Amino acid sequence: MPTPLERWVEETAQLTRPKNIHWCDGSEAEYHRLIQEMTQAGTLSELNQKEYPACFLHRSDPSDVARTEHLTFVCTRTKDDAGPNNNWMAPPEAKEKVGALFSGAMKDRTMYVVPYIMGPASSPYSQCGVEITDSPYVAVNMRIMTRMGKAALDRIGASDNYVKGLHSLGDLSPERRFIMHFPEERLIWSVGSGYGGNALLGKKCFALRLGSHMAKEEGWLAEHMLVLGIEDPSGRTTYVAAAFPSACGKTNLAMLVPPASQKGYKIWTVGEDIAWMHPGPDGRLWAINPEAGFFGVAPGTNSRTNPNVMATIRKNTIYTNVAVTPHGTPYWEGMDGPPPHEAIDWQGKPWTPDSVTKAAHPNSRFTTPATQCPSMSSEWENPQGVPISAILFGGRRASLIPLVYQSFNWQHGVFLGATMTSETTAAATGAVGVVRRDPMAMLPFCGYNMGDYFGHWLRMGQKLTNPPQIFRVNWFRMNAEGKYLWPGFGENLRVLRWVLGRVHGEVGAAETPIGNLPHPSGIDVTGLDVTSETLHELLTVDWKGWQEAIAGQKEYFQKYGERMPKEIWQQCEALEKRLGQ
Ligand code: OXD
Ligand code: MN
């Protein structure tokens, strides 16, 4: 008797008509064989194996370099369940339209059956998925990003308890590209793109869009958050989760190296993109990292901004859309040292520092195993997760939002997350640098109506007798000349220290209409090129700016109509009142 998984594989093969079927076992030998086949086929090229052992380069189709939010749909039974935050298509229409694109799509190709676990293999909070794909690049990337192969197959066994993901490169045409989610069926269909966020279905599609939907039904949280542990000089480790939109420095923060001035502190990485968080029996919130690798943005990464990741990506790494030097080593804008005199750019064309185009694509990436990261926490695979004491919500905002402030309580914290705004980045197609509303950094990833999502967050607070403290942060404030006011990167530890002080009741704050702000003496700026005027600017409430911002917040919340929880409206009114309007 075939298992449900075998039946689904058979049905999918009938639809997509592959030349052959390969069930991935996740072994090292299989990984190397696939890499070798791709190298022979020209899908991958070898980098300098002496300096970058087992590292390879993939160049994608130039039209397929980022997440395509306008082609991403949540196909719930009713439009209202997907909400104004998602593109929606009725499930029957989606199945017909996209099913036609899958019909015969794998002709002359191998179909890879990729079973995987999201989360530590022995964690009760982990979940299984199976991705059927015709892309060997996806299969090898999934081996880095998840616990892939036999362990997952064993866990699934004869059950039907796994998320189904069907992926085909199709013809890579943006006109025939769709990323469809059916949360009610725990099913994902993705066609026409090989880009990580669209094609590695465990990541955004499962761990966030379907995950957030599952989390709402089951009483937990699936969030676009890094998780880190801060060890202080007394040896105490405090865990913090932080939501930032794509390409706003989550990977750098998760692996922060304390500057020499911050003696005795250490940062331990638990995760750098996604957190699954469950209420524990002790009333605290416990987080696991569902991933096993990092799919990070290359440009701007160097040994000042992120020495730990620079060490991580020196071996066993797949680079996508970076440039290559004549020496066969990868190169991207903002890497260490001067640019090479010449290089081959991300599209395979000759490039020199005088070229008007970039050498690497602004959203070029590396896929690399988490186990290689020097700052990985000893707790990162703890099946129970780590207890979260603080949650940070951070956007990229040149003005208005102070460096850091704390919410008055959980409900106010949910409001701080719900009102998050950020400037867009190259991680998604479309204009870069435009301010958009991105509640909890989940706008592109919440698999259901965000009005209900805010309600779910509020209910979670009621379940937690010892909830994390909630903060808003902004490393990206600029002066009138467009210069950053705060040095960022490793120096962000100075802000985290204030957060720790608040969590442990060791430091005071100034109560303001928007929340509790540090007293200037609360942020240690010794040795930094930050004058007291600059610090004052970073920690001042711009009353007029906030009064004006409220109108935009209200207009946004109105979009959610009846689904918007009244508690969020109450927070809006309370803020208005505190600002004296
Ligand atoms: C990512 C993203 O790749 O957020 O993590 O786009
Ligand atoms: Mn992300």
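Criteria and thresholds
- Residues numbered from 1 in each chain as written.
- Chains lettered and ligands numbered in written order.
- Predicted model: local features only at pLDDT ≥ 70, side-chain atom pairs only at ≥ 80, totals over all residues.
- Heavy atoms only, no water.
- Domains from an automatic or database assignment.
- Contact = heavy atoms within 4.5 Å.
- Buried area = accessible area lost by both parts, 1.4 Å probe.
- Nonpolar A, V, L, I, M, F, W, Y, C, P; charged D, E, K, R; others polar.
- Helix = DSSP H or I, 4+ residues; strand = E, 2+ residues; numbered from the N terminus.
- Buried < 20%, exposed > 50% of the residue type's maximum accessible area, 1.4 Å probe, protein only.
- Near = heavy atom within 4 Å.
- Polar contact = N/O pair within 3.5 Å; in protein donor to acceptor, adjacent residues only side chain to side chain.
- Areas by Shrake-Rupley, 256 points an atom, 1.4 Å probe, with all protein chains shown as cover.
- 1 Å grid on protein atoms, 1.4 Å probe; cavity = no way out; pocket = protein on both sides within 12 Å on 5 of 7 lines; lining within 4 Å.
- Sits in = over half its atoms within 2 Å of the grid points.
- Donors = N, O, S within 2.8 Å, 3.2 Å for Na, K, Ca; no water.
- Lys, Arg positive; Asp, Glu negative; His and termini not counted.
- Salt bridge = Lys/Arg side-chain N within 4 Å of Asp/Glu carboxyl O.
- Core = buried A, V, L, I, M, F, W, Y, C linked by side-chain atoms within 4.5 Å.

1. Things to note about the domain arrangement of the chain
It is common to give the size of an interface as the accessible area that goes away when the parts come together.
Thought 1: As far as domains go, the chain holds domain 1 (4–43 + 68–219), domain 2 (222–290 + 377–578) and domain 3 (294–372).
Thought 2: Each of domain 2 and domain 3 was reduced to a C-alpha centroid, and the two centroids are 29 Å apart.
Thought 3: Taken together, the contacts link 11 residues of domain 2 with 14 residues of domain 3.
Thought 4: Between domain 2 and domain 3, a total of about 1,100 Å² is buried, with carbon and sulfur atoms accounting for 64% of that surface.
Thought 5: When the area that domain 2 buries against domain 3 is broken down by residue, the three leading residues are M255, A426 and F489, summing to 41%.
Thought 6: Class assignment of the residues belonging to the side of domain 2 that touches domain 3 gives a composition of eight nonpolar, two polar and one charged.

2. Some thoughts on the environment of L34
Thought 1: On the secondary structure map, L34 appears in helix α2 (residues 28–41).
Thought 2: Owing to a relative accessible area of 3%, L34 belongs among the buried residues under this scheme.

3. Observations concerning the site of ligand 1
Thought 1: Looking at ligand 1, the residues that line it are R67, K203, K204, H224, S246, D273, F295, R365, A427 and F445.
Thought 2: Within the side chain of R365, one N or O atom sits 2.9 Å away from an oxygen atom of ligand 1.
Thought 3: Contact with the protein chains removes 96% of the 210 Å² of surface that ligand 1 exposes when unbound.
Thought 4: Put simply, ligand 1 lies in the largest pocket.

4. Describing the coordination of the manganese ion (ligand 2)
Thought 1: Here the manganese ion (ligand 2) is held by the protein donor atoms K204 (NZ), H224 (NE2) and D273 (OD), which lie 2.2 Å from it.
Thought 2: Counting residues between consecutive donors of the manganese ion (ligand 2) along the chain gives the motif K-x19-H-x48-D. Of this pair, K204 sits in helix α8 (residues 202–218) while H224 sits in the loop between β12 (221–223) and β13 (225–231), placing them 20 residues apart in sequence.
Thought 3: The class for H224 is buried, based on a relative accessible area of 1%.

5. Here's the deal with the side chain of E423
Thought 1: By the element assignment, E423 lies in strand β27 (residues 421–423).
Thought 2: Of the buried charged residues, E423 lacks a salt bridge, with R397 as the closest side chain of opposite charge at 4.6 Å.
Thought 3: From its side chain, E423 meets the backbone nitrogen of A398 in a polar contact 3.1 Å long.
Thought 4: With residues up to four places along the chain from it excluded, the contact list for E423 reads R396, R397, A398, G433, V434 and V435.

6. Focus on the nonpolar core
Thought 1: Grouped together as the largest cluster of nonpolar side chains are 154 residues, with contacts concentrated most on Y319, I391 and W457.
Thought 2: Sequence-distant contacts of I391, that is, excluding residues within four places in its chain, are made with M225, A241, L285, W410, W457, P468, Q469, I470 and F471.
Thought 3: Residues A13, I117, L166 and M180 belong to the second largest nonpolar core, which totals 27 residues.

7. Notes on the environment of T368
Thought 1: Positionally, T368 belongs in strand β24 (residues 365–369).
Thought 2: We classify T368 as buried; its relative accessible area is 0%.
Thought 3: Taking the C-alpha atoms as reference, T368 lies 38 Å from E93; in sequence the two are 275 residues apart.
Thought 4: Ignoring any residue separated from it by four or fewer positions in sequence, one finds T368 in contact with I144, G293, F294, T312, I313, K315 and T317.
Thought 5: At a separation of 3.4 Å, a polar atom in the side chain of T368 contacts the main-chain carbonyl oxygen of T312.
Thought 6: Among the polar contacts listed, one links the side chain of T368 to the side chain of T317, at a separation of 2.9 Å.

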